[in-house]
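# Topology and contacts: notes
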Amino acid sequence: MGSCKSPHAVLLLYVLVCFMYQSFAIGVDTNQTAKLLVDASEASGRPISETLFGIFFEEINHAGAGGLWAELVSNRGFEAGGPNVPSNIDPWSIIGNESSLIVSTDRSSCFDRNKVALRMEVLCDSQGASSCPDGGVGIYNPGFWGMNIEKGKTYSVVLYVRSSGSINVSVSLTGSNGLQKLAAANIIASDSEVSNWTKVEVMLEAQGTNPNSRLQLTTTRKGFIWFDQVSVMPLDTYKGHGFRKDLVEMLEDLKPQFMRFPGGCFVEGEWLRNAFRWKETIGPWEERPGHFGDVWMYWTDDGLGYFEFLQLAEDLGTLPIWVFNNGISHTDQVDTSSVLPFVQEALDGLEFAIGSPNSTWGSLRAAMGHPEPFDLRYVAIGNEDCGKKNYRGNYLKFYSAIKRAYPDIKIISNCDGSSRKLDHPADLYDFHVYTDAKNMFSMAHQFDHTSRSGPKAFVSEYAVTGKDAGTGSLLAALGEAGFLIGLEKNSDVVEMASYAPLFVNANNRRWNPDAIVFNSSHLYGTPSYWVQCLFNESSGATIFNATLQTNLSTSLLASAISWKNSENENSYLRIKIVNFGTNIVNLKIVVDGLEPNSINLSESTKTVLTSTNLMDENSFNEPKKVIPNRILLEKAGEDGEDMQVAISPHSFTSIDFLIESSFIRTTGADSVSVSSI
């Protein structure tokens with residue numbers, strides 16, 4: 001299309017129109033200016049830690065039991081009521097009444113480590129004066145606030161049963177009131193076949209969809225029936241390893257470089273007797289005793305155990321970081337003179353993960369289907385225990401024993417070394433921060449003056465909390481984005497960082513906010529999750545010196561990295577800017593160290609995370625209310641022209657400039673001013 005106007009006149013008109021539009025929309029006095037000077041020369045570039053950003057999974061908010069672990073039955077082994085009988089079988093409930101059925105628990109299970117089983121005394125029969133009601137009598141399990149059953153998908157129902165006589169038990173998946181029949185099959189067996197405990201597996205293909213379904217076990221035949229270890233698992237799980245696919249796919253998108261597990265406070269326990277103990281969570285799922293997580297106050301069957309965590313890290317292509325108990329809980333602790341059995345438990349756990357398949361514990365890993373060692377390189381000795389009486393003494397016992405047996409394992413201390421030198425050896429130290437948004441934003445400078453020698457930081461838990469956070473606000477996300485820019489710039493002393501908590505089942509919020517919210521069938525990311533997505537290319541990238549010239553030092557932060565897209569091999573210069581203030585900022589970006597004409601503006605993109613209100617959140621009704629909006633970066637003029645990027649108030653902006661050729665010079669390359677409105 002031809003034009004009689006000169007290119008400079010067109011550019012001037014374009015900028016003027018945009019400026020007038022912004023001035024009309026929000027008032028000319030609200031616009032402020034800033035300049036970002038980026039030195040993209042080879043001499044300026046510094047490698048970012050390969051493992052900078054990852055994830056931290058804790059069994060909190062029913063993140064695993066009723067979430068990431070795809071098991072649909074809650075309290076599948078009837079152990080949640082405790083080892084003494086009679087006991088509470090919640091959330092199992094009875095179908096029928098006292099005249100037709102008596103349900104109790106006894107200690108008759110065939111599993112030595114979980115002896116409680118459910119006993120049904122059926123008083124009615126298929127005919128006669130005491131005939132059973134239509135549909136029979138029995139028990140049902142609603143799962144974790146409803147089972148998500150989907151039409152066309154297949155579910156494996158496994159249970160153990162024994163009886164005083166022959167049985168005809170209906171196994172069905174129904175709606176929440178039992179009326180909608182989604183799938184059903186019958187277990188028919190003679191008395192000789194079920195006189196002893198017998199494992200039964202039934203495959204059910206759903207004929208309908210209901211996110212609030214339940215499992216029913218019913219009969220119309222008089223007699224005694226015992227059930228134990230009742231499981232419903234969808235066949236369609238992530239890589240076939242038992243993980244809920246949609247939740248893991250959300251993790252995939254973060255491109256995590258490590259996964260810390262299984263806590264957190266979950267590792268400590270309120271009391272040591274309820275701490276996570278890895279040996280109780282391996283082997284066949286039916287034989288795992290499960291335990292009560294007394295910090296977050298719910299039972300877990302430990303189907304998601306030590307082996308499964310290692311498997312998930314491998315499936316995600318990320319490095320596992322195992323946090324183990326060091327003999328200290330929130331309430332009680334083991335004296336250093338008595339801690340050696342806990343040390344041995346940790347050594348056994350390392351052998352299970354990375355030992356030879358012919359070793360004592362490595363052979364058990366091999367028997368579980370994984371003869372090759374897992375890629376475990378990091379362990380953390382305890383969680384948030386630094387200030388406790390026995391921590392340093394216990395820590396040194398663990399440290400020396402692990403280094404003697406596994407010298408390559410990197411060991412993480414609970415003590416903060418960011419402001420003063422540690423008084424004990426460590427490869428990394430843990431740093432946790434939960435605070436308000438303004439303080440989190442200011443903590444971009446937390447590691448600016450940290451010693452560059454000695455152990456590096458592992459920021460394993462960070463999040464904006466309190467009034468600023470709500471249940472996942474834009475304000476919280478912006479504070480965190482500023483903090484992460486600071487971690488990028490200090491990645492020479494910060495080796496790893498992860499948000500916490502990762503998951504929350506909306507029916508069991510023990511902590512606010514969280515990165516990913518879900519129920520039985522739906523999920524969404526909070527704005528904090530989307531901030532993490534915009535840092536997912538930072539690990540292993542190159543960071544450049546980026547200097548802001550502005551009087552907005554308390555409300556504007558920026559960084560510049562180069563990264564390569566592994567899918568198309570394109571190289572990008574990514575500039576991230578957090579505007580924590582209330583004004584539009586017209587930002588001029590000047591890049592030094594690039595070859596002339598190396599930036600392809602027409603193929604470059606701008607991604608913005610913002611919303612109309614600082615406290616806006618996503619929800620099941622509006623899962624995409626606050627998500628990044630990615631557009632092509634409009635080219636307004638030729639390379640080298642003075643143009644500006646309009647940075648919205650209360651926003652996080654990520655700009656990817658496509659680099660056309662080998663673009664970095666050592667020194668003395670031309671400066672390029674790049675921008676778009």
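This text goes with the structure placed above it.
Here goes a summary of the coordinates provided. This is a predicted model, so every value here is computed, not measured.

### Side note on the state of the cysteines
- Counting across every chain of the model gives two disulfides.
- Disulfide pairing places Cys124 opposite Cys132 at an S-S distance of 2.0 Å. One disulfide, between Cys124 and Cys132, carries an S-S torsion of 95° and so falls in the right-handed class. Here Cys124 and Cys132 have matching classes, each one buried.
- Here Cys386 is linked by a disulfide to Cys415, with a sulfur-sulfur distance of 2.0 Å. The disulfide joining Cys386 to Cys415 has a torsion of about 100° about its S-S bond and is therefore right-handed. Residue Cys386 is found in the loop between β19 (378-381) and α7 (391-405), and its partner Cys415 is found in the loop between β20 (410-413) and β21 (428-435); the two are separated by 29 residues along the sequence. There is no split in this pair, since Cys386 and Cys415 are both buried.
- If one numbers only the bonded cysteines of the chain, in the order they occur, the disulfide pattern is 1-2, 3-4.
- You can see Cys265 has no disulfide; the closest cysteine sulfur is in Cys386, sitting 15 Å from it.

### Things to note about the packing of helix α5 (residues 340-354) against α7
- Here α5 crosses α7 at 35°, and the two axes come no closer than 10 Å. Considering the relative orientation of α5 and α7, their crossing is right-handed. Residues Leu340, Phe342, Val343, Ala346, Leu347 and Leu350 of α5 touch α7, and the partners they reach there are Lys397, Phe398, Ala401, Ile402 and Ala405.
- Looking at the contact of α5 with α7 residue by residue, the class counts come to ten nonpolar, no polar and one charged.

### Some remarks on the pattern of salt bridges
- Evaluated as defined, the whole model comprises 25 salt bridges.
- Put simply, Lys245 and Asp236 hold a salt bridge, and the shortest N to O gap is 3.2 Å.
- By relative accessible area, Lys245 is classed as partly exposed at 30%.
- We note a salt bridge from Lys625 to Asp616, for which the minimum N-O separation is 3.7 Å.
- According to the relative accessible area criterion, Lys625 is partly exposed, its value standing at 36%.

About the cut-offs
- Residues numbered from 1 in each chain as written.
- Predicted model: local features only at pLDDT ≥ 70, side-chain atom pairs only at ≥ 80, totals over all residues.
- Heavy atoms only, no water.
- Disulfide = S-S within 2.5 Å.
- Buried < 20%, exposed > 50% of the residue type's maximum accessible area, 1.4 Å probe, protein only.
- Helix = DSSP H or I, 4+ residues; strand = E, 2+ residues; numbered from the N terminus.
- Axes fitted to C-alpha atoms, helices over the stretch in contact; angles between N-to-C directions.
- Left-handed = near helix turned anticlockwise from the far one by under 90°.
- Contact = heavy atoms within 4.5 Å.
- Nonpolar A, V, L, I, M, F, W, Y, C, P; charged D, E, K, R; others polar.
- Salt bridge = Lys/Arg side-chain N within 4 Å of Asp/Glu carboxyl O.

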